[in-house]
2 protein chains.
Amino acid sequence: MTQDTTKRPLYVGLAGMGTVGGGLVQLLKKDAEMIRRRSGREIVLRKVLVRNLSADRAALLPEGCVLTGNPADLTDDPDIDVVVELIGGTGLAKELILKALANGKHVVTANKALLAEDSKELFDLARSKKCLMRYEGSVAGAIPIVETLGGPLAGNRILSLHGILNGTSNYILSEMTTRNMDFATALSQAQELGYAEADPTLDIDGFDTAHKLILLIRLAFGLDYPFASMPVKGIRGMDSRDIAMAREFGYRIKLVAIAKLHDGDSKDARMEAGVFPMLVHHSLLLARVGGVYNAVRLEGEASGPLFLHGRGAGALPTASVVLSDLLSIAREDRPNNTGFAGDEILPTAIVPPEDWRSEFYVRLMVHDEPGVLRDMAGCMADEGISLAQVIQKEKEGNVVQLVFMTHEASAESMSNALHRVAEKGLLQAEPVYYRILQ
Amino acid sequence: MTQDTTKRPLYVGLAGMGTVGGGLVQLLKKDAEMIRRRSGREIVLRKVLVRNLSADRAALLPEGCVLTGNPADLTDDPDIDVVVELIGGTGLAKELILKALANGKHVVTANKALLAEDSKELFDLARSKKCLMRYEGSVAGAIPIVETLGGPLAGNRILSLHGILNGTSNYILSEMTTRNMDFATALSQAQELGYAEADPTLDIDGFDTAHKLILLIRLAFGLDYPFASMPVKGIRGMDSRDIAMAREFGYRIKLVAIAKLHDGDSKDARMEAGVFPMLVHHSLLLARVGGVYNAVRLEGEASGPLFLHGRGAGALPTASVVLSDLLSIAREDRPNNTGFAGDEILPTAIVPPEDWRSEFYVRLMVHDEPGVLRDMAGCMADEGISLAQVIQKEKEGNVVQLVFMTHEASAESMSNALHRVAEKGLLQAEPVYYRILQ
């Protein structure tokens with residue numbers, strides 16, 4: 001609490017000098033004076049673990065800092081207080097973190113895949129060693145959502161969470177929406193600009209978003225949601241017709257991560273969680289999230305709705321929150337790794353996706369025949385689904401595009417109704433349907 | 001760090017049982033189990049200081065908690081760990097906090113007036129006594145801006161901050177905008193709904209916003225800005241013509257708190273800070289803040305822009321962050337009171353308001369005479385101000401409403417130019433002008 005100006009520096013070992021690692025090195029050099037003002041002590045980068053020990057890289061390091069190719073130089077050095085893991089992946093990164101914790105070092109990481117798929121061992125070891133493991137950089141770039149959920153929102157029962165957590169997908173959807181681009185063109189443009197990887201699977205198929213959602217569920221609800229059980233659908237192959245139709249109805253299509261609590265916060269609470277493209281009403285702040293930005297909307301029982309918006313990725317935005325994790329460790333903040341008392345992360349009771357209820361947007365390509373609308377509406381009615389709006393579009397050959405919005409229905413009823421429509425032989429293509437967020 | 005389940009409870013004394021105090025009592029009773037899960041220990045309310053010791057109030061308290069009319073029952077009780085001050089004002093509240101700190105108790109407060117006008121003694125005493133003073137509830141209701149600036153944004157040089165921090169003013173402006181209401185009607189409606197006090201001075205004249213801005217400047221920049229030096233203009237008497245004209249140009253009028261750093265973060269940095277009604281371009285998220293909501297937009301050098309939005313006031317939203325402050329104390333978080341090493345809050349070098357540069361909206365009521373537009377434009381040109389758009393509105397009698405937007409100019413040039421216009425005898429009423437936020 002007191003500001004002991006003779007406090008020894010905090011010594012840091014960094015693993016990985018890619019985009020975010022390079023950004024961190026830059027900030028630690030440039031902002032040394034501000035860092036000392038913020039934390040009351042120096043933060044000194046000692047060693048950087050890289051695969052490629054080039055002289056060009058060494059030249060970027062602060063004075064006295066060296067490159068190494070050997071992980072043990074970080075994890076086994078008694079003079080290093082904190083290991084920052086920015087390698088990514090679940091192999092070497094995990095070994096490195098376990099070794100660092102075993103040797104009593106604090107850890108800062110931005111590794112959402114590892115924390116989402118395989119974190120129990122890490123958190124348990126950190127707790128038993130009384131080490132901190134901080135990971136603000138792992139979710140939503142510069143948006144301080146990890147800290148917010150663990151700290152100032154802890155006085156709330158969180159009821160629901162909606163997030164736009166993948167900048168690549170949001171960029172592609174934004175370009176498709178504002179420039180009438182098709183999916184393939186928008187994806188290759190994102191790749192050219194460096195917003196999408198050569199293999200974009202993790203981003204556009206929703207898995208990156210799902211990883212982040214699992215971390216947020218742990219922080220917001222204190223629940224351990226197994227990655228393998230999470231329903232995930234990405235934006236691959238998104239049809240620009242649906243983007244345009246959604247606009248006509250007053251919506252934007254966004255890749256949304258959702259988590260909602262059913263039946264309160266007690267031990268028998270159940271969780272509705274997943275990742276899907278959704279129609280988001282234009283009046284919601286979430287609909288305004290453009291380009292590579294991210295956002296999170298939280299509904300707290302006492303706080304009401306909260307909305308946080310910022311850069312979702314990039315060297316400096318993410319490095320800035322990795323640095324803030326280092327500052328917190330330097331100030332000896334936060335004795336807690338998850339926002340909950342550490343040994344009380346409960347398993348999640350899951351609401352099966354087919355039971356989820358929402359309004360739906362549906363697009364069907366049907367034969368242009370008399371009675372097709374009546375037959376389709378009949379199939380919906382047989383499953384108890386009522387229609388809110390219907391738009392029948394101009395023909396393409398003998399095929400008509402039929403778009404409608406429903407009142408609230410379960411995913412199971414919708415799926416059954418669409419099976420009925422298919423069985424009647426009305427469809428010329430796979431039906432497309434998305435949930436709606438009002 | 002470890003979760004010692006036998007940890008003793010955190011004992012709390014609460015001063016004040018008004019809106020927020022009542023909300024806190026409610027949350028402490030209702031959410032006891034969640035609080036234990038979040039912090040690993042119980043938070044027990046022992047005593048509540050009130051002026052009116054009614055049985056009705058006593059009935060609202062948790063078991064074992066008593067009402068008292070004597071401040072010393074809180075500050076001098078060795079079994080109380082934390083005093084929560086929700087009385088407000090700068091008299092008894094200050095005495096109470098000083099006494100509590102002197103006796104080694106942590107303090108949680110939501111008292112922005114006290115912290116803005118007279119905080120040095122409080123922070124100094126807290127530091128010397130190694131006590132925490134937390135105040136998340138003092139700014140922007142449920143939005144966790146105090147924690148965000150002190151924690152996850154600490155890895156940033158904050159370049160600028162724009163806030164909508166007063167729910168009452170924002171409600172009045174929103175009603176004037178969306179329902180074409182005049183100021184007096186919107187104010188009395190706000191009073192009827194309990195959104196404005198009988199004496200609304202603090203809110204509508206901008207002082208409440210200025211108090212909050214001073215706290216944010218301390219957190220974001222580590223600078224001590226004297227309240228008496230802050231330029232403050234509220235929304236009293238806002239003319240609905242300007243609201244309507246702003247809309248025509250694509251803007252919303254909002255009461256905005258601004259703080260911008262000139263010349264970097266070093267010891268010679270200068271601060272541009274103040275509170276004014278401004279025209280905010282409709283494409284900005286700040287323009288979308290409606291009703292009693294608050295929002296803060298931060299520009300971090302590394303993080304880029306961040307936007308936080310939520311409920312600005314109300315019993316439970318504010319109580320929820322007061323509770324989060326208690327949780328942090330229960331978990332022994334955060335050894336720091338301001339986001340900076342405590343003894344390094346620097347005095348502010350102030351950019352004089354006349355030197356500020358921005359684009360301007362100007363409305364003049366002028367005689368309908370030949371050459372009046374030429375003369376007005378001449379006065380502007382003589383001060384180096386160029387016009388971006390001009391709208392001349394229909395006459396009211398012999399008076400014409402002349403509205404224009406300028407390119408960037410200093411406040412001093414604008415003031416001089418308007419003096420020239422007045423000296424020419426062109427004006428039929430006081431000129432109205434507002435800064436523009438693009």
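Keep in mind the model is a prediction, meaning the values are calculated, not measured.

Caption draft 1: Fine view of the overall build of chain A. Of the regular secondary structure elements, chain A holds 16 helices and 19 strands. Dimensions along the principal axes, computed over C-alpha positions, put chain A at roughly 85 × 50 × 35 Å. Each of the 438 residues in chain A was classed as buried or not, and the buried ones make up 60%. Summarising the internal contacts of chain A: among those between residues at least 6 apart in sequence, 73% fall at separations of at least 24. Across chain A, 47 positive and 56 negative side-chain charges occur, with their mean positions spaced 5 Å apart.

Caption draft 2: Main features of the confidence of the model for chain A. Here chain A averages 90 in pLDDT, and 95% of its residues register 70 or above. Scored by ipTM, the complex comes to 0.89, with pTM at 0.90.

Caption draft 3: Quick look at the nonpolar core. Grouped together as the largest cluster of nonpolar side chains are 163 residues, with contacts concentrated most on A:Ile217, A:Leu298, B:Ile217 and B:Leu298. Among residues more than four places away in sequence, those in contact with A:Leu298 are A:Ile145, A:Leu149, A:Leu153, A:Ile158, A:Ser160, A:Leu161, A:Gly304, A:Pro305, A:Leu306 and A:Leu308.

Caption draft 4: A look at the sheet that holds strand S2 (residues 43-49) of chain B. Residue and element names in this part refer to chain B. One open sheet accounts for six strands, arranged S3-S2-S1-S4-S5-S6; its pairing is parallel. Edge positions in the sheet fall to strand S3 (66-68) and strand S6 (133-134), since each has one partner strand and no second. Summarising the sheet, strand S1 (residues 10-15) and S2 pair through six bridges and their orientation is parallel. Considered in S2, the bridge of valine 12 is made with leucine 45.

Caption draft 5: A look at the packing of helix H9 (residues 167-179) of chain B against helix H10 (residues 183-192) of chain B. Residue and element names in this part refer to chain B. For the pair H9 and H10, the least separation of the axes is 9 Å and the interaxial angle reads 130°. Between H9 and H10, the crossing angle belongs to the class labelled oblique. The crossing of H9 and H10 is right-handed. Listed contacts from H10 to Tyr171, Ile172, Glu175 and Met176 of H9 are Phe183, Ala186, Leu187, Gln189 and Ala190. Of the residues in the contact of H9 with H10, the class split is seven nonpolar, one polar and one charged.

Caption draft 6: Examining the pairing of strand S5 (residues 106-109) of chain B more closely. All names here are of chain B. Of the two faces of S5, the one lined by His106 and Val108 and the one lined by Val107 and Thr109 are each fully buried. Strand direction decides the pairing type here: strand S4 (residues 82-85) and S5, joined by four bridges, are parallel. Looking at S5, one finds that valine 83 is bridged to valine 107. Between S4 and its parallel partner S5, the chain crosses via helix H5 (residues 92-102), and the hand of that crossover is right-handed. Here S5 pairs with S6 via two bridges, running parallel. Within the sheet, the bridge partner assigned to valine 107 lies in S6 and is methionine 133.

Caption draft 7: View of the side chain of A:Arg134. Position of A:Arg134 relative to the elements: it lies in strand S6 (residues 133-134). Polar side-chain contacts of A:Arg134 include one of 3.2 Å to the side chain of A:Asp325.

Analysis parameters
Residues numbered from 1 in each chain as written. Chains lettered and ligands numbered in written order. Predicted model: local features only at pLDDT ≥ 70, side-chain atom pairs only at ≥ 80, totals over all residues. Heavy atoms only, no water. Helix = DSSP H or I, 4+ residues; strand = E, 2+ residues; numbered from the N terminus. Buried < 20%, exposed > 50% of the residue type's maximum accessible area, 1.4 Å probe, protein only. Contact = heavy atoms within 4.5 Å. Lys, Arg positive; Asp, Glu negative; His and termini not counted. Charge placed at Lys NZ, Arg CZ, Asp CG, Glu CD. pLDDT = per-residue confidence, 0-100. Core = buried A, V, L, I, M, F, W, Y, C linked by side-chain atoms within 4.5 Å. Pairing = 2+ DSSP bridges. Axes fitted to C-alpha atoms, helices over the stretch in contact; angles between N-to-C directions. Parallel < 35°, antiparallel > 145°, perpendicular 65-115°, else oblique. Left-handed = near helix turned anticlockwise from the far one by under 90°. Nonpolar A, V, L, I, M, F, W, Y, C, P; charged D, E, K, R; others polar. Right-handed = clockwise from strand over helix to strand, strands pointing away. Polar contact = N/O pair within 3.5 Å; in protein donor to acceptor, adjacent residues only side chain to side chain.

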